[in-house]
Amino acid sequence: MSGALRYVSTRGGSPAASLSEAIAAGLAPDGGLYVPQTMPRLDVAEFDPHGTLADTAATLLAPFFAGDPLAEALPAICAEALDFPVPHRALPADGAHVLELFHGPTAAFKDVGARFLAACLARLPRRDERVLTILVATSGDTGAAVGAAFHRRPGVRVRILYPDGKVSPRQAHQLGCFGDNVAALRVAGRFDDCQRMVKAALNDAALQAEVPLSSANSISLGRLLPQMSYYAHAALAWWRERGEPLQLIVPTGNLGNALAALWVRALGLPVGRVHLACNANATLPEFLAGADYRPREAVATIANAMDVGAPSNVERLRWTIDDATLRRDLPATSVDDDAIRATLARHAREHGEVFCPHTATAVHVLDVLRAAGDRSDWTVVATAHPAKFESVVEPLIGHPVAIPAALVAMLARPAHAEPLSATDAALREVLRQERPYG
Ligand SMILES: *Cc1c(COP(=O)(O)O)cnc(C)c1O
């Protein structure tokens, strides 16, 4: 098909790939991230005003899938992956809204990307008969979402690496509760160690020959593209109702979720201003305020899923938009733990609203904008259910957070994680020892 969209590396050193190839590969061979060669353009009128989230996603993503072997299955992939609600509701206080991305099976927005990627990979033909092992390093939410998305799928198994003692107790339980083809490895180290070990395994040609490996980390296009769906769906409804673009405050770590919002705007759809909310890891706010881009080690915060000092998707951001425009148009605010705590406590006390610590960074940015006299409509993006972070949230609000049904079911299952030392050799050993149908 002549209209096929090709994908190129942000580093310019890899041949153009089809979408399927880009999704199967994850990272481009030159170490860059895949981006569409040209950004498609879409018009509001192309979307069914009565469509579901999955319908909006199928229309939105059609130009990205054009000419690809997965194109025909796109509506089915969207229906399978995006089958939970994404409410856009008014906050009681001050005319702002919240877009709740956490009503999927593991109660964080990572479910959207993980389920979509799993639905894509399940439909890609594989030449290898052996089981594909999917490695994922997680600071908490990604591992659970990937585990749930691939649980009991034939032909694949998942190995989740997480830093022992550095995820919340409930997150740890979630990571270890799947069983069957999904196993959790608790690594005696930090998240960075987990990430390094996964990368080393993926780059180990001898190991790959014995044990076919893939990854499901956040740089995969198969996770990024579907995240545009909820922004497009909310923005289109807002536009039809009010004739105004949707303005978003997005909690940000690796920049995958926020980049999806910026790409929806780049497609020509009605997303207006976007404001990034970061925790104490201030790499992005400093760069966007005019400093040189300076990636660094992450510092630990109570919004731990955003503890990123070198956001991978910056490469995609700077490929899409030039630095001068970014610095003019993309505000970003760093929010420290004290401000997160104060925000959580105040909104619970004054409005009965309970947020997760990540969402609280965005709520704090809203509070700051309001205090500076900004009365415009903002939508705060809620990335996880507060019940996932009970050990942070409950002492601040003074009462237990009701647990959503999906989490209750997971917490009722037994959980197990194997200890692993933080060396590349230890992971290699584990992967080699396992039978090909583990
Ligand atoms: C992953 C995560 C984030 C950060 O999303 P990025 O795409 O990495 O910017 C924010 N909040 C929660 C709850 C997360 O799990």
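Residues numbered from 1 in each chain as written. Predicted model: local features only at pLDDT ≥ 70, side-chain atom pairs only at ≥ 80, totals over all residues. Heavy atoms only, no water.

J.: What exactly am I supposed to notice about the overall build of the chain here?
T.: Across its full length, the chain holds 18 helices and 13 strands. Its C-alpha atoms give the chain a radius of gyration of 21 Å, near enough to 22 Å, the size a compact globule of 438 residues would have. Each of the three principal axes of the chain carries a C-alpha extent, and together these read 60 × 55 × 45 Å. Out of the 438 residues belonging to the chain, those deemed buried represent 56%. The contacts in the chain between residues at least 6 apart in sequence include a share of 74% that link residues at least 24 apart. Of the roughly 17,100 Å² of accessible surface on the chain, 53% is carried by carbon and sulfur atoms. Computing the positive centroid from 41 side-chain charges and the negative centroid from 46, the chain places the two 2 Å apart. (Helix = DSSP H or I, 4+ residues; strand = E, 2+ residues; numbered from the N terminus. Rg over C-alpha atoms; globule rule 2.2 N^0.38 Å. Buried < 20%, exposed > 50% of the residue type's maximum accessible area, 1.4 Å probe, protein only. Contact = heavy atoms within 4.5 Å. Areas by Shrake-Rupley, 256 points an atom, 1.4 Å probe, with all protein chains shown as cover. Lys, Arg positive; Asp, Glu negative; His and termini not counted. Charge placed at Lys NZ, Arg CZ, Asp CG, Glu CD.)

J.: Looking at this model, I keep getting lost on the environment of Ile 77. Mind explaining?
T.: Among the secondary structure elements, Ile 77 is positioned in helix α3 (residues 74-81). Given the relative accessible area of 0%, Ile 77 is considered buried. Sequence separation of Ile 77 and Asp 323 is 246 residues, and the distance between their C-alpha atoms is 35 Å. Beyond its immediate stretch of four places on either side in the chain, Ile 77 contacts Leu 70, Phe 116, Ala 119, Cys 120 and Arg 123.

J.: For this particular structure, what's the right way to read the packing of aromatic side chains?
T.: Any aromatic ring pair is given by two values, namely how distant the centres are and how the planes are angled relative to each other. Summed over all chains, the structure comprises three aromatic pairs. For the ring pair Tyr 230 and Tyr 231, a centre distance of 4.8 Å and an interplane angle of 65° mean the geometry is edge-to-face. When the ring of Phe 287 is compared with that of Tyr 293, the centres are 5.6 Å apart and the planes differ by 80°; the resulting orientation is edge-to-face. Taking the relative accessible area as the measure of exposure, Phe 287 reaches 0% and is therefore buried. Taking the ring centre of Trp 238 as reference, the NZ or CZ of Arg 242 above it sits at 3.9 Å. (Phe/Tyr/Trp six-rings, centres within 6.5 Å; stacked < 30°, edge-to-face > 60°. Lys NZ or Arg CZ within 6 Å of the ring centre and 35° of its normal.)

J.: Mind showing me how you'd approach unusual backbone geometry here?
T.: Most of the time, phi is negative for any residue but glycine, and the peptide bond is trans. Here the phi dihedral of Ala 107 falls at roughly 65°; this positive angle occurs in a residue that is not glycine. With respect to the helices and strands, Ala 107 occurs in the loop between β4 (97-100) and α4 (110-121). Of note, Arg 152 is a non-glycine position whose phi angle comes to about 65°, a positive value. Inspection of the secondary structure assignment puts Arg 152 in the loop between α5 (141-150) and β6 (156-163).

J.: What am I meant to see in the pattern of salt bridges here?
T.: A side chain of one charge can pair with a side chain of the opposite charge if their charged atoms are brought near each other. As enumerated under the stated definition, the model contains 29 salt bridges in all. For Glu 100, the salt bridge goes to Arg 89, with nearest N and O atoms at 2.9 Å. Linking Glu 100 in strand β4 with Arg 89 in strand β3 (residues 88-90), this pair joins segments that are 11 residues apart in sequence. With a relative accessible area of 10%, Glu 100 lands in the buried category. Measuring nitrogen to oxygen at the nearest pair gives 3.3 Å for the salt bridge that ties Asp 338 to Arg 341. (Salt bridge = Lys/Arg side-chain N within 4 Å of Asp/Glu carboxyl O.)

J.: Sorry, what's going on with α4 here?
T.: For α4, which comprises 12 residues, the first-to-last C-alpha distance of 16 Å matches the rise-based estimate of 16 Å (1.5 Å per residue) to within 8%. Along α4, 11 of the 12 residues are buried, which leaves the element largely enclosed by surrounding structure. Those residues of α4 lying buried are Lys 110, Asp 111, Val 112, Gly 113, Ala 114, Arg 115, Phe 116, Leu 117, Ala 118, Ala 119 and Cys 120. In this structure, the buried residues of α4 make contact with α1 (19-25), α2 (53-65), α3, α5 and α9 (221-242). (Expected span 1.5 Å × (residues − 1).)

Purely geometric numbers; function is a separate question.
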